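Coordinate analysis (summary)
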Amino acid sequence: IIEIDTKYLSKVIGVGISIPGIYNKESHFLEFNNIDRYESSIIKELEEKINLPIWVENEANMSILAEAIIGKHKNLTDFTVISISNKVTCSTFHKFGNKSEDYFFKASRVHHMIVDYENKKKVGDCISFKILKDKIMKAFPNINSLDEFFSNKSYKESKIGKKILDEYLNYMGIILKNLLFTYNPKKLIICGELSQYGNYLLEDILNIVYEKNHIFYRGRETINFSNFKGSSSIIGAALFPIVDNLM
């Protein structure tokens, strides 16, 4: 902020921050996990340092704002986002009127939902971007990024590569089905770092979720990846200070 040219800084009305956790406004704390919890007074301290107001929200809520305001489904009145980065978060969006304030969004703590009781596995243990990345980088130590893995068939279609993806996508299918059953959204948008690789994953995901004789009211067009390639939560945070003027 110090480095911003003053002619631009004069137009800044505030700062939006996206966090992989929750901001509990009632109890005045920020929580990232069971250990990392902070009094929300830290926000006030930051505001005084930068001399600007700060807005803080969960990364899934920030992703959903980006999709609702400038995303490809911005005309929808309700949809659900699952943000898959190091944490897995989920948020639902509903617009119920024509006024700028006639909307709400709410994040859920899907990261901690149990999807494999026998092995005590939570959603975050199965489909976080970190889990996928760590498994691939361990199996293929000679590559430097997931881009190399997905763009090279000798990695992606190898025995170990297929095993990693099959296990990951099977858990993904279970989780997405549960979200479809729970929210019945008009769209279920996959955001977060994983969305950078949507072109490689979407068809396989759809084949798993929409198996033969599936019982969902809506079809394969319901699920897609965000166009923001992993940046939706940051874009949403940038929009947050002026959101009520944009809805």
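Read on for a plain summary of the structure. This is a predicted model, so every value here is computed, not measured.

Turning next to a nonpolar patch on the surface. On the surface, Ile 1, Ile 4 and Tyr 8 cluster together to form a nonpolar patch covering roughly 290 Å² of accessible area. Following the sequence through the fold, Ile 4 ends up in the segment before α1 (6–9). In this structure Ile 4 comes out as partly exposed when scored by relative accessible area, which is 35%.

Right, let's talk about the pairing of strand β6 (residues 78–84) for a bit. Where burial is concerned, most of β6 is hidden: seven out of the seven residues are buried. Taking every second residue as pointing to the same face, both faces of β6 are buried, with Asp 78, Thr 80, Ile 82 and Ile 84 on one and Phe 79, Val 81 and Ser 83 on the other. The pairing of β6 with strand β7 (residues 88–95) spans seven bridges and is antiparallel. Paired with Asp 78 across the bridge in β7 is His 94. As consecutive antiparallel partners, β6 and β7 are separated by three residues. The pairing of β6 with strand β11 (residues 188–191) spans four bridges and is parallel.

Moving on, we get to the state of the cysteines. Going through the model one piece at a time under the given rule, you end up with zero disulfides. No disulfide involves Cys 90; its nearest neighbouring cysteine sulfur is the one of Cys 191, lying 10 Å away.

Definitions and cut-offs
Residues numbered from 1 in each chain as written. Predicted model: local features only at pLDDT ≥ 70, side-chain atom pairs only at ≥ 80, totals over all residues. Heavy atoms only, no water. Patch = residues over 30% accessible without salt bridge, like charges linked within 9 Å, V, L, I, M, F, W, Y side chains within 5 Å. Areas by Shrake-Rupley, 256 points an atom, 1.4 Å probe, with all protein chains shown as cover. Salt bridge = Lys/Arg side-chain N within 4 Å of Asp/Glu carboxyl O. Helix = DSSP H or I, 4+ residues; strand = E, 2+ residues; numbered from the N terminus. Buried < 20%, exposed > 50% of the residue type's maximum accessible area, 1.4 Å probe, protein only. Pairing = 2+ DSSP bridges. Disulfide = S-S within 2.5 Å.

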